[in-house]
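Observations on the model geometry
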Amino acid sequence: MLAVCPNSNEVHIFRVPPGSVSGSELERIHVLKNHDQLVSGIDWAPSSNCIVTCSHDRNAYVWNFDGKEWQPVLVILRLQRAATSVKWSSKENKFAVGSGAKSVCVCYYEQENNWWVSKLIRKKHSSTVQSVAWHPNNALLATASTDFKCRIFNAFVKGVDAKTDAVGDTKFGDVLMQIDSASGWVHDVDWSPSGEKLAFTAHDSSLHVIDIGAGTPVQTVSMKELPLRAVLFLSETRLVAAGYDNVPFLFGLNDSGSWCLLKNLDEPKASSAEKSGSTFSSAFEKFKGQGAPTDSLEPLKPPATIHENCITTLQALGPAGYSSTTRFSSSGLDGKVVTWELKGVLEGVSGLKL
Amino acid sequence: MADDADGGDGEQLAPEADETNEAPALIMAKIEQRGKDVDALLRKQQVADALKTALADPPTNTRDENCKDANYAVMLKAIMSVKEVDPVLSQLSSKEADILMKYLYKGLASGEKAICDQCLRLHEKLTEKVGVGSIIRALGDSKHTV
């Protein structure tokens, strides 16, 4: 099953119909509509089967499935600006919401009141929080912000988390680390499965990886290509990142301990000569077509990449708490969700068109 | 909408201290020295070395415009002396290429024909070498301006 937001205030849940062999056609089974404005973040907790959504209307909903329908529970975030992203923590007892109000909400369930309570981390960011990521230990939270910085917070909530998860003698909301190696908006951040490493992508076309376990300084991979919008660890030594080039790139840790670009996962099958500059030329062709409407329009070339627009999200597919996975999905501004399967170095791709 | 809960919009970015505590005078001295080195290399027709020397240690961490202008003048001398583009660019590291890209844009911004012509010539070749990522870094970097 799959939950997507078709760039509106609704969330659609699709499933692969029973008996489908190829798995490429989908059937819409639920539409969740309670938000007033664009839904900006969706996260589906694998074990508790709850969906949390957040929206530009400054609210979040936790959706529970009662066997027939998805029942919403409103979460008052107490935000003054739009929520931008949401993530369940690894134990699924908390979730974090990033927002345009320069703050992050950490929400947890209060048994007595039957209510989700939000606790704010304020005055730590000087700009919008684009993305959040939970450490597997359930207590640390990494944030990506448009003030060019990536930060790690203590998000341990007394009374909700086991005492054993506490982080030293710091309090909730304390900044444990601030990484200032990017020179552009930080778009996305992700922890490696063990939580030893942290990767983030920024709008300066770079990928930054820091090995916190080993205490080494930040490694920055400057790319030739356009900036990356999303990053996802597949294992301790492999990660994928994707963005404005419409293709996911595989990065890896090489023997000398540095991260490098391994390959483009959507390598065009056509000859490389034809590929070079094709995005520009096709754009030029479009403009030409507009300028001279009398010209007979040539049929547009099929795009060289599977995604036809910027990739905005990457999501791992696999059991919760995996240590390595080979399957992930990507979704982009072209309205497509694509699942990718890496087989060693080779990969088979099945595209799902919505 | 009232935003006082978040400290309001009046909340300014904490002024970032100059990352280097070097006084502008000290940076200026370095730039002057670098200018002399570049001149010497150019006289010996070692254009690639001159360009690399000019690219070393740019005053990106200071806010002092005089330093930036002085370094730009040195840089421009090196840029304008490049005749054979490819062999020169092939010797640059990716860091140096990123810095050069920033100076090319600064040159283009000057609007003088001779400078723009030369910068465009280099820009074309440099983009072939280091891709559009470098352009993004040159245009998008408001923290380390040259």
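Residues numbered from 1 in each chain as written. Chains lettered and ligands numbered in written order. Predicted model: local features only at pLDDT ≥ 70, side-chain atom pairs only at ≥ 80, totals over all residues. Heavy atoms only, no water.

As recorded by an unreviewed UniProt entry, chain B carries the name Actin-related protein 2/3 complex subunit 5 and is attributed to Klebsormidium nitens. According to the UniProt record, the Subcellular location (unreviewed entry) comment for chain B reads "Cytoplasm, Cytoskeleton". In its Function (unreviewed entry) section, the UniProt record describing chain B reads: "Functions as component of the Arp2/3 complex which is involved in regulation of actin polymerization and together with an activating nucleation-promoting factor (NPF) mediates the formation of branched actin networks. Arp2/3 complex plays a critical role in the control of cell morphogenesis via the modulation of cell polarity development." (UniProt positions renumbered as here; feature names shortened; annotations may be inferred.)

The name an unreviewed UniProt entry assigns to chain A is Arp2/3 complex 41 kDa subunit, from the organism Klebsormidium nitens. What the UniProt record of chain A gives under Sequence similarities (unreviewed entry) is the line "Belongs to the WD repeat ARPC1 family." Under the heading Subcellular location (unreviewed entry), UniProt records this for chain A: "Cytoplasm, Cytoskeleton".

Some words on the overall build of chain B
Scanning chain B from N- to C-terminus turns up six helices and zero strands. Going from the N terminus to the C terminus, chain B shows its helices and strands as α-α-α-α-α-α. Sequence-distant contacts, at least 24 apart, represent 73% of the contacts inside chain B between residues at least 6 apart. Taken as a whole, chain B presents about 7800 Å² of accessible surface, with 55% of it coming from carbon and sulfur. (Helix = DSSP H or I, 4+ residues; strand = E, 2+ residues; numbered from the N terminus. Contact = heavy atoms within 4.5 Å. Areas by Shrake-Rupley, 256 points an atom, 1.4 Å probe, with all protein chains shown as cover.)

Examining the packing of helix α1 (residues 24-43) of chain B against helix α3 (residues 65-81) of chain B
All names here are of chain B. Following both chains from N to C, one finds α1 and α3 inclined at 10°, their axes separated by 9 Å at the closest point. Between α1 and α3, the angle is such that the two are roughly parallel. Counted together, Pro 24, Ile 27, Met 28, Ile 31, Arg 34, Gly 35, Val 38, Asp 39 and Leu 42 of α1 and Asn 66, Cys 67, Ala 70, Asn 71, Val 74, Lys 77, Ala 78 and Ser 81 of α3 form the full contact between these two elements. For the contact of α1 with α3, the residue count by class is ten nonpolar, four polar and three charged. (Axes fitted to C-alpha atoms, helices over the stretch in contact; angles between N-to-C directions. Parallel < 35°, antiparallel > 145°, perpendicular 65-115°, else oblique. Nonpolar A, V, L, I, M, F, W, Y, C, P; charged D, E, K, R; others polar.)

Observations regarding the sheet that holds strand β2 (residues 11-15) of chain A
All names here are of chain A. Taken together, the three strands give an open sheet; going across it, the order is β1-β2-β3, and neighbouring strands pair in antiparallel fashion. Sheet topology places β1 (2-4) and β3 (27-32) at the edges, where each strand pairs with a single neighbour. Direction aside, the axes of adjacent strands within the sheet are offset by 25° on average. Looking at chain direction, β2 and β3 are connected through five bridges and run antiparallel. Residue pairing in the sheet places His 12 in a bridge with Val 31 of β3. (Pairing = 2+ DSSP bridges.)

Considering the pattern of salt bridges
Counting across every chain of the model gives 16 salt bridges over all chains. A salt bridge links B:Lys143 to A:Asp180, with the shortest nitrogen-to-oxygen separation between them at 2.8 Å. Remark: A:Asp180 occurs in the loop between β15 (175-179) and β16 (186-191) and B:Lys143 occurs in the segment after α6 (113-140); the pair is interchain, linking two chains. Here A:Arg327 and A:Glu341 are joined by a salt bridge, their closest N and O atoms 3.5 Å apart. Placement of A:Arg327 in strand β25 (residues 327-332) and of A:Glu341 in strand β26 (residues 336-343) is noted, with a sequence separation of 14 residues between them. Relative accessible area serves as the criterion here: at 27%, A:Glu341 is assigned to the partly exposed category. (Salt bridge = Lys/Arg side-chain N within 4 Å of Asp/Glu carboxyl O. Buried < 20%, exposed > 50% of the residue type's maximum accessible area, 1.4 Å probe, protein only.)

Some points on the pairing of strand β8 (residues 83-88) of chain A
Look at any regular strand and the pattern is simple: side chains alternate between the two faces of the sheet. Residues and elements named next belong to chain A. Pairing between β8 and strand β9 (residues 94-99): five bridges, direction antiparallel. Along β9, the bridge assignment pairs Lys 87 with Ala 96. Linking two consecutive strands that pair antiparallel, namely β8 and β9, is a turn of five residues; a positive phi of about 65° is found at Glu 92 within it.

Considerations on the sheet that holds strand β10 (residues 104-110) of chain A
Residue and element names in this part refer to chain A. Taking strand neighbours across the sheet as the criterion, the four strands line up as β8-β9-β10-β11 in an open arrangement whose pairing is antiparallel. In this open sheet, the two edge strands, each paired with only one partner strand, are β8 and β11 (115-121). Neighbour-to-neighbour, the strand axes of this sheet turn through a mean angle of 25°, independent of strand direction. Bridge count for β9 against β10 is five bridges, and the pairing is antiparallel. Within the sheet, the bridge partner assigned to Ala 96 lies in β10 and is Val 106.

Some points on the environment of A:Trp134
All names here are of chain A. With respect to the helices and strands, the residue Trp 134 is situated in strand β12 (residues 129-134). Discounting chain neighbours no more than four positions away, the residues touching Trp 134 are Lys 87, Trp 88, Ser 89, Ser 90, Lys 94, Phe 95, Ala 96, Val 106, Leu 140, Leu 141, Ala 155 and Trp 191. A distance of 3.1 Å separates a polar atom in the side chain of Trp 134 from the backbone oxygen of Lys 87. (Polar contact = N/O pair within 3.5 Å; in protein donor to acceptor, adjacent residues only side chain to side chain.)

Focus: the confidence of the model for chain A
Scored by pLDDT, chain A has a mean of 84; 85% of the residues are at 70 or more. Counted against residues more than four places away or in other chains, residues 344-354 of chain A, with its pLDDT under 50, gives 30 contacts. (pLDDT = per-residue confidence, 0-100.)

A short note on α3(B)
Residue and element names in this part refer to chain B. Given a rise of 1.5 Å per residue, 17 residues ought to cover 24 Å, and the 24 Å separating the end C-alpha atoms of α3 matches this to within 8%. Every buried residue belonging to α3 is among Cys 67, Lys 68, Asn 71, Tyr 72, Val 74, Met 75, Leu 76, Ala 78, Ile 79 and Ser 81, and all of these are buried. For α3, the N-terminal cap is Asp 64; the gap from its side-chain oxygen to the backbone nitrogen of Asn 66 is 3.0 Å. (Expected span 1.5 Å × (residues − 1).)

Considering the state of the cysteines
The tally for this structure, following the rule as stated, stands at zero disulfides over all chains. We note that A:Cys107 lacks a disulfide partner, and the nearest cysteine sulfur, in A:Cys105, lies 5.3 Å from it. Lacking any disulfide linkage, B:Cys116 is separated from the closest cysteine sulfur, that of B:Cys119, by 6.6 Å. A relative accessible area of 15% means that B:Cys116 is categorised as buried. (Disulfide = S-S within 2.5 Å.)

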